[in-house]
Amino acid sequence: MKGGIVGVLCSALLYAAEAACAPNPEAITKVPGFKPNKWVARTWEGSNYACKCHPGDYCWPKQNHWDNLNRTVDGNLRVNLPPGAPCYNTFEGPLGTVNTYNAAECAAVTTGFPNEQFQIELPTAGLWTYFTNDTCRPTADPTGSCTLGYYPVLYITAKTVSHIQAGINFARNNNLRLVIRNTGHDFLGRSVGWGSLVINTHSFKSISATNSWNGPGYNGPAITVGAGVQAFEALAHLNSLSPPRIMVTGECATVGVAGGLVQGGGHGPLTNFYGFLADTAVEFKVITADGKTHTANANTKSDLFWALKGGGPAAFAVITEVTYKTFADTPSAGINLDINPATNSDPALYWEAVRKFHSYSTHFVDNGLYVYYEVGPVPNTLHVHPIVGVNKTLAQLQAVVQPLFDDLDALGVGYTTSSETYGTFYDLYNAMFEIEMAGNSALTGGWTIGRQDVINNHTAIIDAFQTVMNAGSFIVGHMWSAGHGLPQSEWANSAINPRFRNVVDKLITIVPVSGDAPLAAKAEAQNRLTNIVDGSLRAAAPNGASYINEADPFQPDWQNAFWGTNYERLLEIRKKYDPEGVFYAVSTPGTERWEQIETGTRLCVKL
């Protein structure tokens with residue numbers, strides 16, 4: 001879709017909303033605690049709100065303002081269309097109606113929609129579509145309805161730091177909802193937003209590595225990456241060195257490594273050894289809400305440096321570049337394990353096998369293993385792909401895992417298994433981690449299980465797993481220990497919830513639900529996720545925490561769940577660097593007063 005329909009829309013539709021922007025008697029010029037003087041008064045469910053400016057409001061920018069912005073960003077401002085628009089005769093957008101059908105582009109988006117990289121390369125797509133409202137999915141029926149849903153209205157394809165600065169300043173000065181988007185690799189809807197302006201940073205692809213980075217707090221091998229660099233790109237660059245090196249990143253190769261991942265923490269197969277990705281960051285180049293550039297490290301802007309390391313995505317600044325520690329790559333081995341209805345037809349025996357498997361979580365992480373597994377979505381299925389032994393021979397890995405196989409054999413449960421050894425972890429990473437799909441619609445939740453929970457309450461944990469499955473959800477698990485290899489003296493150097501250092505298993509829970517489902521169905525699914533699915537896990541694992549990038553943002557006491565005792569410090573840093581509420585991502589520090597009212601559309605402050 002690059003250069004196609006989207007490329008010709010800007011001049012035609014960009015200013016169409018101005019006709020609706022008559023003076024509004026409900027304008028608000030002052031909201032206590034905030035500097036912006038352009039607000040829209042709204043009442044929703046008996047409460048009063050002051051809202052940011054959206055298309056059709058009196059304060060939506062005039063044509064000459066958009067013209068100036070477009071010139072400032074060198075013509076890189078565009079009107080947004082949802083990915084499925086080429087499959088429909090017309091797109092009914094907030095800025096006008098346009099004919100959009102294009103058979104070739106429709107075929108391309110229909111084929112590419114489940115592909116993560118295809119969607120990443122689109123300027124505003126959210127890889128998981130629930131929070132877009134799913135009002136324009138690819139279709140074979142061009143006569144259907146295509147509307148914008150909760151996708152952004154306009155976007156800037158930022159190619160320079162000045163482009164990002166211009167977008168931030170424009171959003172701040174006009175009190176617009178602003179979204180920062182790199183890959184759209186997000187479960188919580190933070191890469192989209194109704195009525196918003198997006199700054200896309202995906203074109204920032206610079207990569208450089210050195211054996212002798214010398215800066216505050218660290219001297220040694222490092223990699224410096226631009227905001228748009230993805231894990232597979234950074235890892236490939238490091239692997240090309242002699243000798244090859246590695247860095248901490250997620251198990252998914254398409255995730256960006258210099259945006260929401262590090263700001264949320266960033267866990268992955270190397271977390272046992274080096275902690276979170278955030279624990280390995282040594283310097284950031286950023287743009288704060290006032291539009292100014294900064295370098296943040298252990299000596300300069302040290303409070304901002306700390307907050308950027310796990311304190312919450314899109315909360316403190318826009319990252320343009322990050323420098324991370326790198327580590328020697330080593331031979332590694334992996335094992336796969338599957339239990340499914342073809343190998344075992346007895347549900348009671350299946351759950352006993354799950355209990356045995358999970359009881360080894362502390363044993364696995366204490367021996368430096370990383371384990372990625374799925375319970376469901378097919379009933380009576382345990383899919384463990386893979387169990388990873390970094391810097392281990394296959395014989396060493398098998399020795400750690402063999403007690404589990406002995407227990408499964410003693411139970412009489414059927415299973416299949418395979419194993420392999422690799423010359424480097426990089427080779428294992430590319431071979432054994434399965435490709436993930438995009439385009440699905442679901443609510444995402446999750447919780448973590450503490451070491452003491454496994455020791456003291458393991459029966460209740462597996463009971464909770466069964467509750468999750470019985471509630472129409474399923475589990476994706478990641479066994480690691482962020483405190484295993486990272487010295488305790490370094491734990492407090494990032495904003496990560498301190499409880500994560502004693503976690504042995506991080507769970508994602510998924511409740512499938514269509515983005516365009518009726519509001520009552522959405523409310524039921526959200527209640528089921530919060531109070532039944534995740535509620536059962538919270539009750540069974542009170543020593544756990546919640547990981548902001550893969551969790552239910554509407555869970556109770558999210559401040560404590562995400563950041564624990566670090567929250568108050570993060571709140572003060574947020575007030576210091578973004579006092580005007582320019583940045584917003586749901587359930588991040590300082591967003592307590594913000595709500596998306598009117599069925600998840602307008603972003604507003606409750607008065």
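Residue numbers restart at each chain and count upward from 1, following the sequence in its written direction. Only residues with pLDDT of at least 70 are given local features in this predicted model, and only at 80 or more are side-chain atom pairs given and counted; all residues enter the totals for whole chains, interfaces and linings. Side-chain numbers here rest on the full set of heavy atoms in the structure, without hydrogens or water.

Explain the UniProt feature "domain: FAD-binding PCMH-type" (unreviewed entry) in the protein to me, and be specific about the residues and the numbers.
UniProt positions are given in the numbering used here, feature names are shortened, and annotations may be inferred rather than shown by experiment. As recorded in UniProt, the sites labelled "domain: FAD-binding PCMH-type" (unreviewed entry) are residues 148–329. Annotated as residues 148–329, this span is 21% helix and 29% strand, and its ends, taken at the C-alpha atoms, are 45 Å apart. Comment: elements are numbered from the N terminus, with helices defined as DSSP H or I runs of at least four residues and strands as E runs of at least two.

With reference to specific residues and values, describe the nonpolar core.
Ranked by size, the top nonpolar core spans 171 residues in total, and within it Phe284, Phe364, Tyr373 and Phe465 carry the most contacts. Counting residues per element, this core draws most heavily on helix H14 (residues 451–470), which supplies 7 residues. If we ignore the near neighbours within four places in the chain, the residues touching phenylalanine 284 are Val262, His294, Thr295, Ala296, Phe305, Leu308, Lys309, Ile319, Glu321 and Val322. Buried Ala, Val, Leu, Ile, Met, Phe, Trp, Tyr and Cys residues that are joined via side-chain atoms within 4.5 Å together make up what is termed a nonpolar core. Here the term buried applies to any residue with accessible area under 20% of the maximum for its type, exposed to any over 50%, and partly exposed to those in between, with areas from a 1.4 Å probe on protein chains only. If you look at the next biggest cluster of nonpolar residues, it comprises 16 residues, including Ile28, Ala50, Ile120 and Ala438. The contact criterion used is simple: two residues touch if any of their non-hydrogen atoms lie within 4.5 Å.

Provide a residue-level description of the packing of H14 against helix H15 (residues 519–540), including the pertinent values.
Here an axis means a line fitted to C-alpha atoms, over the contact stretch when the element is a helix, while the angle between two N-to-C directions is reported on a 0 to 180 degree scale. Interhelical geometry of H14 versus H15 gives an angle of 170° and a closest axis separation of 8 Å. In this view, H14 runs roughly antiparallel relative to H15, as classed from their interaxial angle. Helix-helix and strand crossings are classified by hand; for H14 and H15 the assignment is right-handed. Taken together, the residues of H15 that come into contact with H14 (itself represented by Asp453, Asn457, Ala460, Ile461, Ala464, Phe465, Thr467 and Val468) are Ile532, Val533, Ser536, Leu537, Ala539 and Ala540. Considered class by class, the residues forming the contact of H14 with H15 number 10 nonpolar, 3 polar and 1 charged. Angles below 35 degrees are treated as roughly parallel, those above 145 as roughly antiparallel, those between 65 and 115 as roughly perpendicular, and all remaining angles as oblique. Each crossing gets its hand from how the near helix is turned against the far one by less than a right angle, where anticlockwise is left-handed and clockwise is right-handed. Polarity classes work like this: nonpolar for Ala, Val, Leu, Ile, Met, Phe, Trp, Tyr, Cys and Pro, charged for Asp, Glu, Lys and Arg, and polar for all others, with Gly in that last group.

Any chance you could break down the environment of glycine 450 for me, citing the residues and the numbers?
Secondary-structure assignment places glycine 450 in strand S21 (residues 442–450). Classification of glycine 450 by relative accessible area gives buried; the value is 1%. Placed 220 residues apart in sequence, glycine 450 and glutamine 230 show a C-alpha to C-alpha distance of 30 Å. Beyond its immediate stretch of four places on either side in the chain, glycine 450 contacts Asn502, Val503, Val504, Asn543 and Gly544.

Please give an account of the pairing of strand S15 (residues 318–325) that cites residues and values.
Counting buried residues along S15, 7 of its 8 residues qualify, which places the element largely inside the surrounding structure. In this scheme, strands are said to pair when DSSP sees at least two bridges between them. Two strands pair when backbone bridges link them, and strand S11 (residues 218–226) and S15 are joined in this way by 5 bridges, in the antiparallel orientation. Looking at S15, one finds that alanine 222 is bridged to lysine 325.

Pulling in residues and values, what's your account of the sheet that holds strand S3 (residues 47–51)?
Through backbone hydrogen bonds, the strands of a sheet pair up, either in parallel or in antiparallel fashion. Strand order in the open sheet made by the 5 strands is S1-S2-S3-S25-S24, with antiparallel pairing throughout. Two strands bound the open sheet, and with one partner strand each, they are strand S1 (27–28) and strand S24 (594–596).

Got a sec to walk through the packing of aromatic side chains? Specific residues and values, please.
Pairing of aromatic side chains here covers Phe, Tyr and the six-membered ring of Trp, requires ring centres within 6.5 Å, and sorts the geometry by plane angle: under 30 degrees stacked, over 60 edge-to-face, intermediate tilted. Here the structure, examined in full by the defined rule, presents 27 aromatic pairs. Measuring from ring centre to ring centre gives 5.7 Å for tyrosine 429 and phenylalanine 433, while their planes differ by 50°; the resulting arrangement is tilted. The buried category is assigned to tyrosine 429, whose relative accessible area is 3%. Judged by relative accessible area, phenylalanine 433 falls into the buried class, the value being 9%. By the ring-pair criterion, three or more aromatic residues cluster together here, those being Phe34, Trp39, Tyr584 and Trp594. In this structure, arginine 569 packs its charged tip against the face of tryptophan 306, placed 3.8 Å from the ring centre. Geometrically, a charge over a ring is one whose NZ (Lys) or CZ (Arg) sits within 6 Å of the ring centre while staying within 35 degrees of the ring normal.

Account for the state of the cysteines, with residues named and values stated.
Any two cysteine sulfur atoms within 2.5 Å of one another count as a disulfide. Enumeration over the complete set of coordinates arrives at 4 disulfides. At a sulfur-sulfur separation of 2.0 Å, the disulfide partner of cysteine 51 is cysteine 604. Here the disulfide of cysteine 51 and cysteine 604 is right-handed, its torsion about the S-S bond being about 95°. One end of the pair, cysteine 51, is in strand S3; the other, cysteine 604, is in strand S25 (residues 602–606), and 553 residues separate them in sequence.

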